[in-house]
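Secondary and tertiary structure notes
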Amino acid sequence: MSTSGSLHVDLHAGVATVTFGHPKGNSLPGHLLRELADTIDHVAKDQDARVVVLRSLEPGPFCAGASFDELMAISNEDEGLEFFSGFARVILAMRRCPKFIIARVHGKTAGGGVGLVAASDYAIAHSGAGCRLSELAVGIGPFVVGPAIEQRIGRGHYAAMTVDAAWRDAAWGLRTGLYSRVEETGAALDAAVGSLAATLATANPEAMAELKRVFSADNEHLDRLLFERAAISGRLVLSEHTRAAIASFSNR
């Protein structure tokens, strides 16, 4: 894998597996966010793809969230808006995709990674896949991914994750609905993902598309909301407090 990360798609028997990776904890710099949104839009139009599996490279976490290197490089509000809009575009692409998206969560996920899981239609996680929202600890907040997470687990659990950035275990994720299923081993995780994906690949695509519309019935103004939230993060990331906090995290 190159230092800039990777993204590729494998299509087999109606299952499109989208795999992203980055050497720094499978974090998501701006270019990977753009590629991920474009890839999901492309798969959405591919009639040979009946279901989508979203996964990341192993070993390590499922996704560490935003790239700290890019956060530190943001120099003005326009650049901040553009970076955080990347997460908005991925979430919107996942929501408008007419195919079910299964998230395969093999390890810990934080920040924007929790947003990816929440924006999926069904998440199967490893028992070691803890989750956290660490944005407040670095001076911003989970503004862009917040609506997807709140819709998935409820406002109370979302608020708790935001205020208290401690790690929650996979059992907590299952209880709150962030995860749909938890498996104890990597082999069991792969078997569960593969079995569900194979079953969905033979289901009626029109029925699945209609169900996706039902799932997204409350998202009428989501596109406007997410970009408004991206602007908030883009402004906050320029504060001295946030700069110092991000630098401290990066040096750990």
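Please refer to the structure higher up on the page.
Attention here is on the structure that accompanies the text. What you see is a predicted model; the values in this text were computed from it and never measured.

1. Let's talk about helix α5 (residues 146-153)
When you tally the buried positions in α5, you get six out of eight residues, the bulk of the element. When we look at burial in α5, the residues that qualify are G146, P147, A148, I149, R152 and I153. Packed against the buried residues of α5 are α3 (77-96), α4 (112-119), β6 (122-126), α6 (155-163), α7 (170-176) and α10 (222-236). Following α5 by one or two positions, G154 adopts a phi angle in the positive range, close to 95 degrees.

2. Things to note about the pairing of β6
Pairing of strand β4 (residues 101-105) with β6 involves four bridges; the strand directions are parallel. Directly across from R104, in β6, lies its bridge partner I124. Note that β6 and strand β8 (residues 181-183) share three bridges and pair parallel. Within the sheet, the bridge partner assigned to H126 lies in β8 and is E183.

3. A short note on the packing of α3 against α4
Following both chains from N to C, one finds α3 and α4 inclined at 15 degrees, their axes separated by 9 Å at the closest point. Between α3 and α4, the crossing angle belongs to the class labelled roughly parallel. Two packed elements cross with a definite hand, and for α3 against α4 that hand is right-handed. Touching F87, V90, I91, M94 and R95 of α3 are G112, L116, A118 and A119, all from α4. The class makeup of the residues in the contact of α3 with α4 is seven nonpolar, one polar and one charged.

4. Brief notes about the pattern of salt bridges
Considering all chains together, one arrives at twelve salt bridges under this definition. Across the pair R89 and E82 runs a salt bridge, and its minimum N-O distance is 3.2 Å. What makes R89 partly exposed here is its relative accessible area of 31%. Judged by its relative accessible area of 37%, E82 falls in the partly exposed class. Measuring nitrogen to oxygen at the nearest pair gives 3.0 Å for the salt bridge that ties E228 to R224. Placement of both E228 and R224 in helix α10 is noted, with a separation of four residues, approximately one turn of the helix. Look at E228 and you get partly exposed, because its relative accessible area is 41%.

5. Brief notes about the side chain of R95
Inspection of the secondary structure assignment puts R95 in helix α3. Of the buried charged residues, R95 lacks a salt bridge, with D121 as the closest side chain of opposite charge at 6.1 Å.

6. A short note on the sheet that holds strand β1 (residues 6-12)
Remark on secondary structure: sheet strands pair via backbone hydrogen bonds, oriented parallel or antiparallel. On the basis of which strands lie adjacent, the open sheet formed by six strands has the order β1-β2-β3-β4-β6-β8 and mixed pairing. Each having just a single partner strand, β1 and β8 make up the two edges of the open sheet. Strand-to-strand twist in this sheet, taken as the mean axis angle between neighbours without regard to direction, amounts to 20 degrees. Pairing of β1 with strand β2 (residues 15-21) involves seven bridges; the strand directions are antiparallel. Paired with H12 across the bridge in β2 is V15. Taken strand by strand, helix α1 (residues 30-45) contacts β1, β2, β3 (51-56) and β4, and its axis lies near 15 degrees from that of β1.

7. A word on unusual backbone geometry
Cis geometry marks the peptide bond from E58 to P59, where omega comes out at 0 degrees. Inspection of the secondary structure assignment puts P59 in the loop between β3 and α2 (68-73). You will see that A13, though not glycine, has its phi angle at about 50 degrees, which is positive. By the secondary structure assignment, A13 is in the loop between β1 and β2. Positioned with a positive phi, N26 is a non-glycine residue whose angle comes to about 55 degrees. Counting through the fold element by element, N26 comes out in the loop between β2 and α1.

What counts as what
- Sequence order as written defines the numbering, with residues in each chain counted from 1.
- Given that this is a predicted model, residues contribute local features only at a pLDDT of at least 70 and side-chain atom pairs are listed and counted only at 80 or more, while totals for whole chains, interfaces and linings are drawn from all residues.
- With hydrogens and water excluded, all non-hydrogen atoms of the structure serve as input to the side-chain values.
- Three labels apply to residues, based on accessible area from a 1.4 Å probe with only protein chains included: buried if under 20% of the type maximum, exposed if over 50%, partly exposed otherwise in between.
- Strands are runs of DSSP state E lasting at least 2 residues, helices are runs of H or I lasting at least 4, and numbering of each runs from the N terminus.
- Should any heavy atoms of two residues lie within 4.5 Å, those residues are counted as being in contact.
- The rule for pairing is simple: two strands pair if DSSP sees at least two bridges between them.
- The convention used is that axes are lines fitted to C-alpha atoms, helices contributing only their stretch in contact, and that angles between N-to-C directions extend from 0 to 180 degrees.
- Just so you know how the angles are binned, under 35 degrees is roughly parallel, over 145 roughly antiparallel, 65 to 115 roughly perpendicular, and the rest oblique.
- Helix crossings get a hand from a simple test, with the near helix turned counterclockwise from the far one by less than a right angle marking a left-handed crossing and a clockwise turn marking a right-handed one.
- Under this grouping Gly is polar, as are all residues other than the nonpolar Ala, Val, Leu, Ile, Met, Phe, Trp, Tyr, Cys and Pro and the charged Asp, Glu, Lys and Arg.
- One side-chain nitrogen of Lys or Arg within 4 Å of one carboxyl oxygen of Asp or Glu is enough to make a salt bridge.
- In this count, Lys and Arg are taken as positive residues and Asp and Glu as negative ones, while His and the chain termini are left out.

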